[in-house]
Amino acid sequence: ACSDLSHGLPGRGVQEPAWSFAKFLKTLEAPANETVLLLGSYHSGESFEEAADALRELGYTPFALRDAPDIPFQTNTEKFLAGVMCSAFVVVVDTHPSGHFSELTHLLGLRLRPVIVLRHEASPPSWFQEDRIQMDDLFRVVVEPQFGARSLAEHAQWARATMMDRVKKLNAVNHWRASPS
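A short tour of the structure in this document, coming up.

About the criteria used
Residues numbered from 1 in each chain as written. Predicted model: local features only at pLDDT ≥ 70, side-chain atom pairs only at ≥ 80, totals over all residues. Heavy atoms only, no water. Helix = DSSP H or I, 4+ residues; strand = E, 2+ residues; numbered from the N terminus. Buried < 20%, exposed > 50% of the residue type's maximum accessible area, 1.4 Å probe, protein only. Contact = heavy atoms within 4.5 Å. Areas by Shrake-Rupley, 256 points an atom, 1.4 Å probe, with all protein chains shown as cover. Patch = residues over 30% accessible without salt bridge, like charges linked within 9 Å, V, L, I, M, F, W, Y side chains within 5 Å. Salt bridge = Lys/Arg side-chain N within 4 Å of Asp/Glu carboxyl O. 1 Å grid on protein atoms, 1.4 Å probe; cavity = no way out; pocket = protein on both sides within 12 Å on 5 of 7 lines; lining within 4 Å. Points joined across faces, edges and corners; volume = space filled by probe spheres on them.

With that out of the way, let us pick up the overall build of the protein chain. In terms of regular secondary structure, the protein chain is built from 6 helices and 5 strands. In the protein chain, the succession of helices and strands from N to C terminus is α-β-α-β-α-β-α-β-α-β-α. Buried positions account for 35% of the 181 residues belonging to the protein chain. Of the contacts formed within the protein chain by residues at least 6 apart in sequence, a portion of 70% connects residues at least 24 apart. As displayed, the protein chain offers around 11,400 Å² of accessible surface, 58% of which is attributable to carbon and sulfur atoms.

Right, dumping it as structure tokens:
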């Protein structure tokens, strides 16, 4: 069953004149500042939920891509990128092989947000991207027996400080950003 999306095309159907893309984006600013995209194997058992609980305890709202709605014309990669763009930073539970290996490749290439890679052991599930992960200053590998709020607090502060430094640099380069709108 395919939905008819033609009502959203210019000159077709009912238009909502009060809707504005700019206003919509503005509504994302506060939630994105508190949201953390949580990636990794959903089959990693307690580790995934443990990381989510720790992030909640630190005041963040973690979300997994499986919980985001599927937009009919959006690919999985586009869904992933939308999740990254609407997050303050990304946490990857890197305890088992899964689709997050592909997502790590995108994160390494695009360098959009700080990434905290959580592991229980120093050895990763795959060595393929390890050199790039270890050498990228937007990535931080954390090896802990448990992913509790206490062990993640320092790393969440690092991610937040990294983003605030980015805001300062962007405001310095783009003079209009720092002025009230």
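Taken together, the side chains of Trp19, Phe21, Phe24 and Leu25 define a hydrophobic patch exposed on the protein surface, amounting to about 440 Å² of accessible area. In this structure, Leu25 sits in helix α1 (residues 21-34).

What follows concerns the layout of surface pockets. Empty space among the atoms becomes apparent when a probe as large as a water molecule is rolled across them. Considered as a void within the structure, the second largest pocket measures approximately 290 Å³ in volume. Looking at the second largest pocket, it is lined by 13 residues, and the ones nearest its centre are Phe63, Ala68, Ala82, Gly83 and Cys86. Looking at the lining of the second largest pocket, the elements that each hand over two or more residues are α1 and α3 (76-85).

This next bit is on the pattern of salt bridges. It is possible for side chains of opposite charge to pair when their charged atoms get near one another. Counted by the stated rule, this structure contains 9 salt bridges. A salt bridge links Arg119 to Asp94, with the shortest nitrogen-to-oxygen separation between them at 2.8 Å. Linking Arg119 in strand β4 (residues 115-119) with Asp94 in the loop between β3 (89-93) and α4 (100-110), this pair joins segments that are 25 residues apart in sequence. Overall, the relative accessible area of 4% leaves Asp94 in the buried class. Between Arg111 and Asp137 there is a salt bridge, with its nearest N and O atoms 2.5 Å apart.

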